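These are the residues of each chain, in order.
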2 protein chains.
Amino acid sequence: MTTSTQLAGGSSGHEHLRPLIDTALDGFAKGTIERNGPLPARGPGADGLHSGAGGFPEGSCPETGVGSARALTEMSRWFSQHAIDPADPACAAHLHTPPLAVAVAADTVAGAVNSSLDSWDQGPSGVAIEAEVVRAMTSLIGYSPETATGAMTSGGTESNLTGLMLAREHAGRAANDAAVRGRPRILCSADAHFSVARSAGVLGLGEDAAVEVGLDSRRRMDPDSLRRALDAVDGDGDVPIAVVATAGTTDLGTIDPLAEIAAITEARGLWLHVDAAYGGGAVFSRRLAPLLDGLERADSVAIDLHKLGWQPVAAGLFCVRDATLFEPLQRRVAYLNAEDDEQAGYRSLLGRSLRTTRRADAFKVAVTLRALGRAGLGALVDRCHDLARHAASRVRGTPRLALHSDPALTTVVFRYLPRSGDPDSVNARLRRRLMDEGRAVVGRTEFAGAVQLKLTLLNPNTTEADIDALLDAVVAAGDKECA
Amino acid sequence: MTTSTQLAGGSSGHEHLRPLIDTALDGFAKGTIERNGPLPARGPGADGLHSGAGGFPEGSCPETGVGSARALTEMSRWFSQHAIDPADPACAAHLHTPPLAVAVAADTVAGAVNSSLDSWDQGPSGVAIEAEVVRAMTSLIGYSPETATGAMTSGGTESNLTGLMLAREHAGRAANDAAVRGRPRILCSADAHFSVARSAGVLGLGEDAAVEVGLDSRRRMDPDSLRRALDAVDGDGDVPIAVVATAGTTDLGTIDPLAEIAAITEARGLWLHVDAAYGGGAVFSRRLAPLLDGLERADSVAIDLHKLGWQPVAAGLFCVRDATLFEPLQRRVAYLNAEDDEQAGYRSLLGRSLRTTRRADAFKVAVTLRALGRAGLGALVDRCHDLARHAASRVRGTPRLALHSDPALTTVVFRYLPRSGDPDSVNARLRRRLMDEGRAVVGRTEFAGAVQLKLTLLNPNTTEADIDALLDAVVAAGDKECA
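Position numbers for residues count from 1 along each chain, tracking the sequence in the order it is written. To label them, take the chains in the order written and letter them from A, then take the ligands in the order written and number them from 1. Residues qualify for local features only when their pLDDT is at least 70, as the model is predicted, and side-chain atom pairs are given and counted only at 80 or more; totals for whole chains, interfaces and linings, by contrast, use all residues. Think of the side-chain values as coming from all heavy atoms in the structure, minus any hydrogens and water.

**Side note on the sheet that holds strand β8 (residues 316-320) of chain A**
Residue and element names in this part refer to chain A.
- Pairs of strands are assigned from DSSP output, requiring at least two bridges between the strands. Helix and strand labels come from DSSP, where a helix needs a run of H or I of at least four residues and a strand needs a run of E of at least two; each type is numbered from the N terminus. Here we have seven strands laid out as an open sheet, ordered β2-β8-β7-β6-β5-β3-β4, and mixed in their pairing. Both outer strands of the open sheet, β2 (149-153) and β4 (210-213), are each paired with one neighbouring strand and no more. For this sheet the average axis-to-axis angle between neighbouring strands, irrespective of direction, equals 20 degrees.
- Bridge count between strand β3 (residues 184-189) and strand β5 (residues 239-246): five bridges; the pairing is parallel. Considered in β5, the bridge of C188 is made with V244.
- A contact between two residues is defined here by any heavy atoms of the two lying within 4.5 Å. The axes used here are C-alpha line fits, helices contributing only the stretch in contact, and every angle between their N-to-C directions lies in the interval 0 to 180 degrees. This element, helix α5 (residues 156-170), spans β2, β3, β5, β6 (271-275), β7 (300-304) and β8 of the sheet and lies at about 180 degrees to β6.

**Observations concerning the pairing of strand β3 (residues 184-189) of chain B**
Residues and elements named next belong to chain B.
- Here's how the labels work: a residue is buried when its accessible area is under 20% of the maximum for its type, exposed when over 50%, partly exposed in between, all with a 1.4 Å probe on protein chains only. Here β3 lies mainly inside the structure; six of its six residues are buried.
- Every second residue of β3 is oriented toward a common face, with P184, I186 and C188 on one face and R185, L187 and S189 on the other, all of them buried.
- Direction of pairing for β3 relative to strand β4 (residues 210-213): parallel, over a ladder of four bridges. Among the inter-strand pairings, C188 is bridged to a residue of β4, identified as E212.
- Taking the sense of rotation as the criterion, the β-α-β connection linking β3, helix α7 (residues 194-202) and β4 turns out right-handed. With its strands directed away from the observer, a crossover is right-handed exactly when the path from the first strand over the helix to the second travels clockwise.

**Overview of the UniProt feature "modified residue: N6-(pyridoxal phosphate)lysine" (unreviewed entry) in chain A**
- UniProt positions are given in the numbering used here, feature names are shortened, and annotations may be inferred rather than shown by experiment. Here, UniProt's "modified residue: N6-(pyridoxal phosphate)lysine" (unreviewed entry) annotation points to K307 of chain A.
- By secondary structure assignment, the location of K307 of chain A is in the loop between β7 and β8.
- Residue K307 of chain A is classed as buried on the basis of its relative accessible area, which comes to 9%.
- Dropping the residues within four chain positions of it, K307 of chain A is found in contact with L95, T97, A277 and Y278 of chain A together with T357 of chain B.

**A few points about helix α12 (residues 423-436) of chain A**
All names here are of chain A.
- Here the expected length of a helix is defined as 1.5 Å per residue gap, with one fewer gap than residues. Along its 14 residues, α12 runs 20 Å from first to last C-alpha, staying within 8% of the 20 Å computed at 1.5 Å per residue.
- Burial in α12 covers these residues: V426, N427, A428, L430, R431, R432, L434 and M435.
- Backbone geometry just downstream of α12 places G438 in the positive-phi region, at approximately 70 degrees.

**Some details on the pairing of β8 of chain A**
All names here are of chain A.
- Within β8, five of the five residues are buried, which leaves the element mostly enclosed by the surrounding structure.
- Of the two faces of β8, the one carrying G316, F318 and V320 and the one carrying L317 and C319 are both buried.
- Strand direction decides the pairing type here: β2 and β8, joined by five bridges, are antiparallel. Residue G150 lies in a different strand from β8, and its bridge partner there is C319.
- Sheet topology places β7 next to β8; five bridges connect them, and they run antiparallel. Of the residues in β8, the one forming a bridge with D304 is G316.

**Quick look at the interface of chain B and chain A**
- With 168 residues of chain B at the contact, the number on the chain A side is 167 residues.
- Summed over both partners, the accessible area lost on bringing two parts together, with a 1.4 Å probe, is the buried area. When chain B packs against chain A, the two sides together hide about 14,200 Å² of surface, and 62% of this comes from carbon and sulfur.
- On the chain B side of the interface with chain A, the three residues burying the most area are F79, Y335 and R370 of chain B, jointly 7% of the side's total.
- Definition used for salt bridges: Asp or Glu carboxyl oxygen within 4 Å of a side-chain nitrogen of Lys or Arg. Across the pair R374 of chain A and E63 of chain B runs a salt bridge, and its minimum N-O distance is 2.5 Å.
- Considering every element that reaches the side of chain B that touches chain A, the biggest residue donor is helix α1 (residues 13-35) of chain B, with 14 residues.

**Section: the relation of the copies chain B and chain A**
- Mapping chain B onto chain A calls for a screw motion: a turn of 180 degrees about the axis and a shift of 0.0 Å along it, with 0.0 Å RMSD after fitting. Put plainly, the chains are arranged around a two-fold axis.
- A share of 99% of the interface residues of chain B reappears at the interface of chain A, consistent with the copies meeting face to face through the same patch. When the copies are superposed, the least-squares fit draws on C-alpha atoms of residues that have pLDDT of at least 70 in both.

**Describing the sheet that holds strand β1 (residues 91-92) of chain A**
All names here are of chain A.
- Strand order in the open sheet formed by five strands is β1-β11-β12-β10-β9, with mixed pairing between adjacent strands. Only two strands of the sheet have a single neighbouring strand rather than two, namely β1 and β9 (401-403).
- Note: β9 against strand β10 (residues 411-416), three bridges, orientation antiparallel. Within β10, the residue paired with L401 across the bridge is Y416.

**Describing the state of the cysteines**
- Any two cysteine sulfur atoms lying within 2.5 Å of each other are counted as a disulfide. Taken as a whole, this structure holds zero disulfides over all chains when the rule is applied.
- Not engaged in a disulfide, the cysteine C384 of chain A finds its nearest cysteine sulfur in C91 of chain A; these two sulfurs lie 13 Å apart.
- Unpaired in terms of disulfides, C319 of chain B finds its nearest cysteine sulfur in C61 of chain A, a separation of 12 Å.
- Taking relative accessible area as the criterion, C319 of chain B reaches 1% and is therefore assigned buried.

**Details of the environment of L336 of chain A**
- Along the chain, the position of L336 of chain A falls in the loop between β8 and α10 (339-343).
- Counting along the chain gives 124 residues from L336 of chain A to P460 of chain A, while the straight-line C-alpha distance between them is 42 Å.
- Those residues in contact with L336 of chain A that sit more than four places away from it in its chain are D118, S119, Q122, L350 and T356 of chain A together with H94 and F194 of chain B.

Okay, here's the thing in structure tokens:
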């Protein structure tokens, strides 16, 4: 057997994996040292980023192989040399988590075993451990463990799509008779994630089925505006099928007033989906969990554990208040879940997901929950929240910077104030300058048409001094752009 | 720093990962030895499968952690002890691949680096390597490298959904004016994957928007039946928006006559999507690639490299003939792909996927393609095809077994012929008996309402003697059920 046919599983799997993983990690380490910072300098023009891609021949599939060791060494080195490293304190643009080593190690086992959760006979332990993770997380959400359930997803976008699909089916409004009964509508705030409108598009409702609800002064969904918007939808003869509240908007981390919104949706018999892709991780923190009061009244919830959960992608989680709400996804497929097999106890999770084949992403989550506990993960959440507060205070104390608002979770939105020139253009250019110089990866977004900068702080090992240095680099880059 | 806050990335990441991965692999190895076969005995009643799940407390999130080493040791052991191992030659039920060790090693690096492909500044090398993998695969498909493109997906189900969504948009038939213009319809054979109808449901067309096209004597889509079905749809005033051909049906591996179907869809200006989730891997094989003639004429193609590509899940690939066909998925999002950033070369792959956050699954594929080359992967495909032919011949020579049909790819569908008792029940029970005894994992499906058994042969290291022993075990289990 050459290394080319060495499998990761079976009784020799671990013997095959150890030297190859060592080789891969050697390349990874080498590339990281060579990168020597949060990203390769010169941005899209970085040496070797596009040409050759670590020895991969351009434009075609290599006809013969170079062997596992050489491919792993060269390509792992190239891959990390040209990566953006969320574990670098100067990488703070996105909800792009530096994963915990324990989670990556566990995920290696999930990959080697290669369970799939769509039938019992592709992964009994995968099916069992996902159930445990779902129970653990639904208990933190505050759902009743007797009725709630859920499944891992590829992330918030899939979770939001799943929730809105169930809402659509629940409302009993197949899109093709919408013309008769009124147009299905989804209500969310202007700061809701773009995947809500995109989901409406995928679901055949049209992206413009998403109706914008007004914000309060802190950019949270305003309950009075929600009532008025629902009345207006009714008045137009349209049909509201769901309200989507956000717990942790992508930019500001704002959490909509969940309990007040739940009171409205309950009174009207409407589906409430909470997109807690970002903020859901606050369930781990005694300090921040109260911000999620009312989450337990949602019909469905999206939480991404590859955000405030420090998992490698993918670690999305979609939960429902009551298992019966999954009914529209149930399927009987002869080759996957025959009825007599299920009666004999061979149960699958096919009916919990829009996917068929599904990796046991729950395994890395389970190992992490057991290794750190709620308290351990909560400490990481609190640490990142502390870093955001420090950054906000530092921005406030820096004359050339203007804070947008106090941080809600772990993001800080602010602007560089140029002495001269168009502020939007200067902010956009200073950000690209930091990337071109290989110095820092800062986020950008827009509010009211104005370009803003953003730090998304998800690295618990970042220090206050790192934050100070990062903000100093922002100011220096801004000054250079104005020079 | 305790192990609880050790990150996988950064310059110390490899130092954190090595001992933890070693620990995880120790547990993995121990569990594999203890399982001592393709699956744990006693099926869903296996000791320790549900209670405790490797030390995970039942029903709640652990409050405090036990540390990374203990969690990894105990849970990796439990996970593999209670897994079903596709690397065991007696595990042959599903399109459930034993992954190559080189791919799992590469995937560990992808997890540690944790790139996401939805913006340039979350993974330049991830964005670049996906483009290389897509070019390599589209060249094997036979697409023009100048125009074709694609993206990795979570699997065939997501790929089929993406293809059908693009087809729906392309047809310019938003579901909400379907009532006026006629009902959108999707044509596929009765043996098409269930995700085609499910996609129609998700897309708001209704699951029954999928129209069944008749089969020829080899259960391939019959071109004359397709013409008649399209005429009937037109006659009803409905609107065909896509034809879905299958290249490798889940059970029989049947490949629809792609070139003949393409001639029909081209003549009528219809979108052709080919679900080659299983059979697409035949592009690697000189022997089998001719079966895919016509694939290059499809508008969109789904190929799962976690099937005939020996990748750990997920490694789906969705390709389109022409990059402009992705237009309906384009999005401009202030925080991800601002226009001036894209003009400066900071390009993302946001518009290539229904997902937002997206792991660099392309990295493991790229390393595998480079390590083995087309020829190396083709040899694995041919080996599994040989095993299927051997199994078919052995079934044919066994009096108590009846072959359904000659294998097309790497599956063999057959039945045990009981001396007495209901054949369906006996076949279903003998399969569960093999699982209950921890002996083998054989597939099952149904044709014409009759339960069939199935071997899905994806392990290139399986020997002819393993196949013989597996079929002997099937016969012995059947005989016991009839005794």
